[in-house]
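Examining the three-dimensional arrangement
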Amino acid sequence: MGGKARWRRKDSSETVATFSDKRRWPDSAGNVRLFERHVTLGRGETADMCAQLYYRVGANGRIEIAWVGEHLPTVSKNT
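So, here's what we can say about the structure.

Cut-offs applied
Residues numbered from 1 in each chain as written. Predicted model: local features only at pLDDT ≥ 70, side-chain atom pairs only at ≥ 80, totals over all residues. Heavy atoms only, no water. Pairing = 2+ DSSP bridges. Helix = DSSP H or I, 4+ residues; strand = E, 2+ residues; numbered from the N terminus. Axes fitted to C-alpha atoms, helices over the stretch in contact; angles between N-to-C directions. Salt bridge = Lys/Arg side-chain N within 4 Å of Asp/Glu carboxyl O. Buried < 20%, exposed > 50% of the residue type's maximum accessible area, 1.4 Å probe, protein only.

With respect to topology, four strands assemble into an open sheet ordered E1-E4-E5-E6, the strand pairing being antiparallel. Of all strands in the sheet, those bounded by a partner on one side alone are strand E1 (5–8) and strand E6 (63–70). For this sheet, the mean angle separating the axes of adjacent strands, direction not counted, is 15°. Pairing geometry for strand E4 (residues 37–41) and strand E5 (residues 51–57), over five bridges, is antiparallel. Following the sheet pairing, Arg37 is matched in E5 by Tyr55.

Here is the structure:
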């Protein structure tokens, strides 16, 4: 996807403050936690034309995927 994909270590503090409830999922141990690392596919398009994958890297190095789907809401229009 080249420039149409973007990795983010975390969401902006403004987005987390406003939409953290939309970024909380159970981890592999069943604990509900905030997932912030994500990849946006379709960067530079409108949010309704993008997809996102939210994940975390566990202590054992395994990747836990919490969300793959439409772009989640943000405080910014820039995707």
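There's more to say after this.
Under the counting rule described, the total for this entry stands at three salt bridges. Taking the shortest distance from any N to any O, the salt bridge between Arg23 and Asp11 comes out at 2.8 Å. In this pair, Arg23 sits in the loop between helix H1 (13–19) and strand E2 (24–26) while Asp11 sits in the loop between E1 and H1, placing the two residues twelve residues apart along the sequence. Take Arg23 and Asp11: they sit in the same class, and that class is buried. Note that Asp27 and Arg33 form a salt bridge whose closest N and O atoms lie 3.1 Å from each other.

Any functional reading would require information that these geometric values do not contain.
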